[in-house]
Amino acid sequence: MDVAIIGAGSRGVNVYGSILYSIPGVKISAICDISQTKLEEASKLFKVPPKMQFLSEDEFFEAGVLADGLIITSQDRLHYRHCTRAIDAGYKKILLEKPVSDDINETQEINDLAKNKGVDILVCHVLRYSAFYGTIHELIKSKKIGELIAINHEENIGYWHFAHSYVRGNWRNIKDSHPLLYAKTCHDFDLLFWFANSKVKNAKSYGSLTYFKPQNAPAGSTERCLDGCPHLDSCAYSVKNLYFDNKSPLSWGLYHATGINHPSQAERYNALKKNDNPYGRCVFKCDNDADDHRSVAIEFENGTTATLTVTAYSKDCHRRIHVVGTHGEILGDDSKNYLIVNIFGEKKSSLFKRKTNKVKIRALGAGHLGGDLGICRAFVKLIKGQHIDPDYLTTIDVTLEGHKIIARAMESD
Ligand SMILES: NC(=O)c1ccc[n+]([C@@H]2O[C@H](COP(=O)([O-])OP(=O)(O)OC[C@H]3O[C@@H](n4cnc5c(N)ncnc54)[C@H](O)[C@@H]3O)[C@@H](O)[C@H]2O)c1
């Protein structure tokens with residue numbers, strides 16, 4: 001089975017490309033990226049012959065169908081164009097990175113095109129493929145907690161992750177990326193739509209960029225951390241604390257920040273000192289407009305309600321969820337390998353005939369709690385035409401409903 005990739009960056013190569021390449025019988029047959037370096041590195045890694053390496057998307061799409069499946073892992077603003085071009089070129093199985101678009105008409109158009117032309121598109125809402133969220137879904141569906149009433153969901157991005165991606169990095173402004181609810185929280189709307197099992201009726205949202213602004217810069221701070229800033233040691237967001245400390249949770253961001261795989265301390269310093277490197281800037285002096293907090297209230301057509309709060313301000317990157325039903329509740333924190341399930345009125349939990357109210361998660365797994373691997377396996381099955389429970393697939397029609405919640409919420413603010 002052949003798979004092609006357009007956008008040979010972090011997701012395309014390090015995640016989906018590498019996972020698929022490790023599955024027996026799967027070959028990466030063609031790659032397109034506008035960066036010569038990325039194209040060469042990825043082609044070498046996946047043994048892609050020169051005639052199947054493309055620096056131009058025009059040449060790539062004009063070459064017709066080059067594989068059984070196409071992975072679209074270019075940046076946010078290119079997804080709509082690359083996906084419509086892929087459908088026109090004749091691809092029938094597409095793995096498309098999220099978000100599809102922040103214009104709901106474009107997402108609808110891709111959904112309609114896919115339907116009319118018999119194209120299967122899986123959108124990379126990877127959390128749906130994780131055991132953690134799959135268990136919550138099964139518990140709700142089995143009605144162990146009675147009829148679903150409401151969900152309270154929290155996405156804690158982590159102050160370091162937020163500074164890297166949404167203040168200094170690729171998702172810092174709407175012009176080049178998408179509003180935060182699309183760029184980051186679209187995964188959570190997919191989960192809420194899945195759990196509620198109903199289309200959105202109303203959604204309202206409030207939020208803004210509050211902290212990462214010039215007026216909050218500490219006195220005497222410089223434009224770039226390594227230009228002699230007196231707060232280099234004390235500022236939680238300084239490049240010293242985020243990129244030089246080997247215990248920093250941002251090890252995965254070092255390639256973005258330096259352009260080098262596993263950079264030494266000296267290579268980090270040289271890269272971040274360069275004036276044109278956006279990752280070397282003071283977090284209070286960037287060209288960012290991404291909200292650092294936003295809360296959304298949702299009413300679904302079936303009467304279920306949900307609230308969601310996403311913020312930059314947490315030590316760790318994790319999500320918390322509280323699902324309530326007429327007979328019980330589920331409490332989860334996805335950094336833990338269990339859920340708490342309380343069935344009302346029960347002194348000893350009869351859940352699954354165990355004495356505890358803890359439900360163990362089969363395996364948390366690496367890469368979005370195992371979701372990265374899960375979606376790759378689903379994509380392979382989709383290409384092979386094997387049966388998969390549609391309830392566990394993030395097809396474009398399903399994504400359209402999640403994106404509609406965001407569109408409704410954004411309209412209200
Ligand atoms: N599903 C998830 O959990 C998840 C997690 C992180 C990122 N993402 C999404 O994945 C996408 C890619 O993110 P990334 O971190 O891999 O970014 P990246 O910048 O590492 O990779 C994007 C690649 O696209 C290439 N590119 C740019 N223009 C192109 C064009 N016209 N034709 C071909 N290639 C082009 C770039 O050179 C780059 O190599 C983004 O949309 C992001 O929002 C999803």
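Going by the structure above, here's the rest.
Anyway, here's the lowdown on the structure attached to this text. (Residues numbered from 1 in each chain as written. Predicted model: local features only at pLDDT ≥ 70, side-chain atom pairs only at ≥ 80, totals over all residues. Heavy atoms only, no water.)

Focus on the overall build of the protein chain
Here's step 1: Each helix and strand in the protein chain was counted, giving 14 helices and 14 strands.
Here's step 2: Radius of gyration (C-alpha) of the protein chain: 22 Å, near the 22 Å computed for a compact globule of 413 residues.
Here's step 3: Taking the principal axes of its C-alpha atoms as reference, the protein chain extends roughly 60 × 55 × 40 Å.
Here's step 4: Burial status across the protein chain gives 53% buried among its 413 residues.
Here's step 5: In the protein chain, once contacts between residues fewer than 6 apart in sequence are set aside, the share between residues at least 24 apart is 73%.
Here's step 6: Accessible surface, the protein chain: about 18300 Å² in total, of which carbon and sulfur atoms supply 52%.
Here's step 7: With 52 positive and 49 negative side-chain charges, the protein chain shows a spacing of 7 Å between the two charge centroids. (Helix = DSSP H or I, 4+ residues; strand = E, 2+ residues; numbered from the N terminus. Rg over C-alpha atoms; globule rule 2.2 N^0.38 Å. Buried < 20%, exposed > 50% of the residue type's maximum accessible area, 1.4 Å probe, protein only. Contact = heavy atoms within 4.5 Å. Areas by Shrake-Rupley, 256 points an atom, 1.4 Å probe, with all protein chains shown as cover. Lys, Arg positive; Asp, Glu negative; His and termini not counted. Charge placed at Lys NZ, Arg CZ, Asp CG, Glu CD.)

Regarding the site of the ligand
Here's step 1: Lining the immediate environment of the ligand, one finds 30 residues, of which Ser-10, Arg-11, Asp-33, Asp-76 and His-79 sit closest.
Here's step 2: In this structure, an oxygen atom belonging to the ligand sits 2.9 Å away from a side-chain N or O atom of Gln-75.
Here's step 3: A distance of 3.3 Å separates an oxygen atom of the ligand from a polar atom in the side chain of Lys-98.
Here's step 4: In isolation the ligand exposes 850 Å². Once the protein is present, 89% of that is buried.
Here's step 5: Contributing elements (two or more residues each) for the shell around the ligand: helix 1 (10-21) and helix 4 (79-89).
Here's step 6: A per-class count over the shell around the ligand returns nine nonpolar, 13 polar and eight charged. (Near = heavy atom within 4 Å. Polar contact = N/O pair within 3.5 Å; in protein donor to acceptor, adjacent residues only side chain to side chain. Nonpolar A, V, L, I, M, F, W, Y, C, P; charged D, E, K, R; others polar.)

Here we look at the sheet that holds strand 5 (residues 93-96)
Here's step 1: With parallel pairing, six strands are arranged side by side in an open sheet as 3-2-1-4-5-6. The sheet is open, and its two borders are formed by strand 3 (53-54) and strand 6 (120-123), each paired with just one other strand.
Here's step 2: As judged from the four bridges shared by strand 1 (residues 2-6) and strand 4 (residues 69-72), these two strands associate in the parallel manner. From the neighbouring strand, Val-3 faces strand 4, where its bridge partner is Gly-69.
Here's step 3: On the sheet, helix 4 packs against strand 1, strand 4, strand 5 and strand 6 and is oriented at approximately 175° with respect to strand 5. (Pairing = 2+ DSSP bridges. Axes fitted to C-alpha atoms, helices over the stretch in contact; angles between N-to-C directions.)

Describing the pattern of salt bridges
A side chain of one charge can pair with a side chain of the opposite charge if their charged atoms are brought near each other.
Here's step 1: What the rule picks out here adds up to 28 salt bridges.
Here's step 2: Across the salt bridge formed by Asp-102 and Arg-77, the nearest N and O atoms sit 2.9 Å from each other. With Asp-102 in the loop between strand 5 and helix 5 (104-117) and Arg-77 in the loop between strand 4 and helix 4, the pair connects residues that are 25 residues apart, well separated along the chain.
Here's step 3: Accessibility expressed as a relative area gives 26% for Asp-102, which makes it partly exposed. (Salt bridge = Lys/Arg side-chain N within 4 Å of Asp/Glu carboxyl O.)

Points about the pairing of strand 12 (residues 328-333)
Here's step 1: Counting buried positions over the six residues of strand 12 gives five, a clear majority of the element.
Here's step 2: Of the strand pairs in this sheet, strand 11 (residues 318-325) and strand 12 are connected by five bridges, and their pairing is antiparallel. In the strand pairing of strand 12, Ile-321 is matched with Gly-332.
Here's step 3: In textbook terms, the turn of a hairpin is the stretch between consecutive antiparallel strands, and for strand 11 and strand 12 this stretch comprises two residues.
Here's step 4: Here five bridges tie strand 12 to strand 13 (residues 338-343), and the two strands are oriented antiparallel to one another. Each bridged residue has a counterpart across the sheet, and for Gly-328 the counterpart in strand 13 is Ile-343.
Here's step 5: A loop of four residues connects strand 12 with strand 13, the two strands running antiparallel in sequence.

So, unusual backbone geometry
Here's step 1: Look at the link from Lys-98 to Pro-99: it is a cis peptide, with omega at -15°.
Here's step 2: Mapped onto the elements, Pro-99 comes out in the loop between strand 5 and helix 5.
Here's step 3: The backbone of Lys-143 shows a phi angle near 60°, a positive value even though the residue is not glycine.
Here's step 4: Relative to the elements of secondary structure, Lys-143 occurs in the loop between helix 6 (131-141) and strand 7 (148-156).

A few points about the sheet that holds strand 13
The strands making up a sheet are joined through hydrogen bonds of the backbone, oriented either antiparallel or parallel.
Here's step 1: Overall, mixed pairing links the eight strands, which are arranged 8-9-10-7-11-12-13-14 in an open sheet. Pairing within the sheet leaves two strands with one partner each, and these edge strands are strand 8 (200-208) and strand 14 (358-360). Mean inter-strand twist for the sheet, computed between neighbouring axes without regard to direction, equals 15°.
Here's step 2: Where strand 8 and strand 9 (residues 293-300) come together, eight bridges link them in antiparallel fashion. From the neighbouring strand, Gly-207 faces strand 9, where its bridge partner is Arg-294.
Here's step 3: The strands touched by helix 6 within the sheet are strand 7, strand 11, strand 12, strand 13 and strand 14, with strand 13 carrying the most contacts at an inclination of about 15°.

So, the environment of Asn-357
Here's step 1: Relative to the helices and strands, Asn-357 is located in the loop between strand 13 and strand 14.
Here's step 2: Take Asn-357: its relative accessible area is 27%, and that puts it in the partly exposed class.
Here's step 3: Counting along the chain gives 218 residues from Asn-357 to Leu-139, while the straight-line C-alpha distance between them is 13 Å.
Here's step 4: Engagement of the side chain of Asn-357 in a polar contact is seen with the side chain of Asn-342, the distance being 2.7 Å.

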